[in-house]
Amino acid sequence: MSTTAPPATPDRTPDKATDERLLRTSPLRRLMGRPELGSVVGAVAVFIFFSIIADSFLQASSLSTVMYAASTLGIMAVPVALLMIGGEFDLSAGVLVTSSALISSMVSYQMTANVWVGIFVSLLVTLAVGVFNGFMLTRTKLPSFIITLGTFLMLTGLNLGFTKLISGTVSTKSIGDMEGFASAKKVFASELTLGDVTLKVTILWWFVLVALATWILLRTRFGNWIFAVGGGADAARAVGVPVNKTKIGLYMGVAFAAWVSGQHLLFSFDVVQSGEGVGNELTYIIAAVIGGCLITGGYGSAIGSAVGAFIFGMTSKGIVYAEWNPDWFKFFLGAMLLLATLLNAWVRKRAEASK
């Protein structure tokens with residue numbers, strides 16, 4: 001005697017209320033899960049603090065100066081944050097900015113050509129350095145700390161050696177009277193004055209890079225690859241993520257931002273000192289960490305790096321407006337790094353516990 005399976009009834013369907021994928025997350029939980037939450041809280045605290053301590057801090061001209069300081073750091077902090085989310089570091093980022101400016105200046109001056117020729121050559125060489133870092137990392141399997149430390153030392157020596165060899169001094173020759181300088185200055189170092197407020201073009205570059213990086217992280221396949229690689233390269237490779245290409249692309253992103261920053265440096269001051277940029281790579285990393293990026297990778301946001309850069313700008317200029325001894329700046333920066341890291345860790349634990 002055969003039996004017939006009973007027809008499906010509503011009681012036999014999965015309970016949607018228990019399906020984790022269909023659970024709605026409250027706005028508070030989503031907010032607690034954002035990597036930049038801790039840095040936003042810190043930024044508000046720093047802003048209120050200097051608003052009370054320094055009378056001139058809230059003036060429009062002062063805030064524009066703060067934004068400029070934040071933008072020069074933030075342009076580099078954005079790709080550095082993406083690289084850290086991908087689980088890697090770049091200790092050569094600071095001197096690469098100087099290298100980019102030096103190449104543009106010396107190529108333009110020596111070739112007596114339009115400065116845009118030097119700018120284009122600088123872009124190619126700077127991106128090549130990014131490819132070199134990524135290629136060496138993926139081929140040798142050495143830690144990024146060692147790879148980029150080697151690049152940092154090589155670039156530091158090349159910057160000084162080539163500059164002295166070509167120009168005879170530690171700085172480049174002036175290119176202010178060369179063809180194309182005025183148009184290049186508009187792109188990389190122009191400013192808009194509205195009353196007492198002066199807005200630098202770097203602020204626009206900064207906002208565009210933050211928006212682009214946020215879109216990449218949250219809306220593209222490459223963004224998913226970045227998080228996957230930072231969470232675990234072997235596991236990411238096992239599910240088909242092109243780990244090597246992703247890491248090389250991240251280093252190229254850092255190189256592109258270094259090129260932008262280098263051109264701003266050159267066209268703001270006309271000449272470049274070959275020893276500049278040393279130590280700035282740590283500041284970029286600090287901004288990313290304050291913004292919520294984990295040292296271990298796999299967690300962070302571009303917006304967080306922007307908030308970290310803004311905190312840096314407020315602190316560096318707020319100390320001046322408060323008429324404090326600027327020698328204390330590094331102390332405050334270190335204290336902010338520790339406090340932000342602890343706050344970000346607490347927020348992350350709370351977010352994980354509420355899931």
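Above this note sits the structure.
What you are looking at is a predicted structure, and each value in this text was computed from that prediction instead of being measured.

## Examining the overall build of the protein chain
1) Next: Secondary structure assignment for the protein chain yields 14 helices and 2 strands.
2) Next: Going through the 355 residues of the protein chain one by one, you find that 46% of them count as buried.
3) Next: Here the contacts in the protein chain between residues at least 6 apart in sequence split such that 76% fall between residues at least 24 apart.
4) Next: Split by element, the accessible area of the protein chain, about 18300 Å² in all, is 67% carbon and sulfur.

## Let's talk about the packing of aromatic side chains
1) Next: Going through the model one piece at a time under the given rule, you end up with 13 aromatic pairs.
2) Next: Pairing Trp-116 with Phe-188 gives two aromatic rings, centres 6.2 Å apart and planes at 40°, and the pair type is tilted. Of this pair, Trp-116 sits in helix H5 (residues 115-140) while Phe-188 sits in helix H7 (residues 181-188), and the two are 72 residues apart along the sequence.
3) Next: Since its relative accessible area comes to 2%, Phe-188 is described here as buried.
4) Next: Both rings, one in Phe-222 and one in Trp-225, keep their centres 6.3 Å apart while their planes meet at 75°; by these two values the pair is edge-to-face. One end of the pair, Phe-222, and the other, Trp-225, are both in helix H9 (residues 221-231), 3 residues apart, so they sit about a helical turn from each other.
5) Next: Overall, Trp-225 belongs to the partly exposed group, its relative accessible area being 25%.
6) Next: One aromatic cluster is present, formed by Trp-116, Phe-181, Phe-188, Trp-205, Phe-256, Trp-259 and Phe-267 through successive ring pairs.
7) Next: A cation over a ring is seen here: Lys-200 above Tyr-68, with NZ or CZ 5.3 Å from the ring centre.

## A few points about a nonpolar patch on the surface
1) Next: Judged by side-chain polarity, Val-40, Val-44, Phe-47, Ile-48, Phe-49, Ile-52, Ile-53 and Leu-58 come together as a nonpolar surface patch covering roughly 680 Å² of accessible area.
2) Next: In this fold, Val-44 is placed in helix H2 (residues 37-53).

## Some remarks on the environment of Val-78
1) Next: Note on placement: Val-78 falls in helix H3 (residues 60-85).
2) Next: The exposure class of Val-78 is buried, given its relative accessible area of 3%.
3) Next: Sequence-wise, Val-78 and Val-210 are 132 residues apart; in three dimensions their C-alpha atoms are separated by 6.3 Å.
4) Next: The residues contacting Val-78, other than those within four sequence positions of it, are Trp-206, Leu-209, Val-210, Ala-213, Ala-302 and Ser-305.

## Some details on the pattern of salt bridges
1) Next: Scanning all chains against the criterion turns up 3 salt bridges.
2) Next: Note that Glu-191 is salt-bridged to Lys-200, the shortest N-O span being 2.6 Å.
3) Next: Judged by relative accessible area, Glu-191 falls into the partly exposed class, the value being 46%.
4) Next: A salt bridge links Asp-234 to Arg-237; the nearest nitrogen and oxygen atoms lie 3.4 Å apart. Placement of both Asp-234 and Arg-237 in helix H10 (residues 233-238) is noted, with a separation of 3 residues, approximately one turn of the helix.
5) Next: Among the residues examined, Asp-234 registers a relative accessible area of 61% and is labelled exposed.

## Observations regarding helix H12 (residues 280-290)
1) Next: For H12, the buried fraction is high: 9 of the 11 residues fall into the buried class.
2) Next: Among all positions of H12, only Glu-281, Thr-283, Tyr-284, Ile-285, Ile-286, Ala-287, Ala-288, Val-289 and Ile-290 are buried.
3) Next: Downstream of H12 by a residue or two, Gly-292 has a phi angle that is positive, lying close to 110°.

## Concerning the layout of surface pockets
It is a probe the size of a water molecule, rolled over the atoms, that shows where empty space is left.
1) Next: Taken as a whole, the largest pocket encloses approximately 560 Å³ of empty space.
2) Next: What lines the largest pocket is a set of 22 residues, and nearest its centre among them are Thr-72, Leu-73, Leu-265, Asn-280 and Tyr-284.
3) Next: At 5 residues, the largest contribution of residues to the lining of the largest pocket is made by H3.
4) Next: Broken down by class, the residue content of the lining of the largest pocket amounts to 10 nonpolar, 10 polar and 2 charged.

## Observations regarding the side chain of Thr-202
1) Next: Structurally, Thr-202 can be placed in helix H8 (residues 201-219).
2) Next: Classification of Thr-202 as buried rests on a relative accessible area of 2%.
3) Next: If near-sequence neighbours (up to four positions away) are discounted, Thr-202 is found in contact with Tyr-68, Ser-71, Ile-75, Phe-188 and His-264.

## Points about the pairing of strand S1 (residues 191-194)
1) Next: In this sheet, strand S2 (residues 197-200) lies alongside S1 in antiparallel orientation, the contact comprising 4 bridges. Each residue of the ladder has a partner; that of Glu-191, found in S2, is Lys-200.
2) Next: The antiparallel pairing of S1 with S2 creates a hairpin that spans 2 residues between the two strands, and Gly-195 there sits at a positive phi of about 70°.

Quick notes on the rules
Residues numbered from 1 in each chain as written. Predicted model: local features only at pLDDT ≥ 70, side-chain atom pairs only at ≥ 80, totals over all residues. Heavy atoms only, no water. Helix = DSSP H or I, 4+ residues; strand = E, 2+ residues; numbered from the N terminus. Buried < 20%, exposed > 50% of the residue type's maximum accessible area, 1.4 Å probe, protein only. Contact = heavy atoms within 4.5 Å. Areas by Shrake-Rupley, 256 points an atom, 1.4 Å probe, with all protein chains shown as cover. Phe/Tyr/Trp six-rings, centres within 6.5 Å; stacked < 30°, edge-to-face > 60°. Lys NZ or Arg CZ within 6 Å of the ring centre and 35° of its normal. Patch = residues over 30% accessible without salt bridge, like charges linked within 9 Å, V, L, I, M, F, W, Y side chains within 5 Å. Salt bridge = Lys/Arg side-chain N within 4 Å of Asp/Glu carboxyl O. 1 Å grid on protein atoms, 1.4 Å probe; cavity = no way out; pocket = protein on both sides within 12 Å on 5 of 7 lines; lining within 4 Å. Points joined across faces, edges and corners; volume = space filled by probe spheres on them. Nonpolar A, V, L, I, M, F, W, Y, C, P; charged D, E, K, R; others polar. Pairing = 2+ DSSP bridges.

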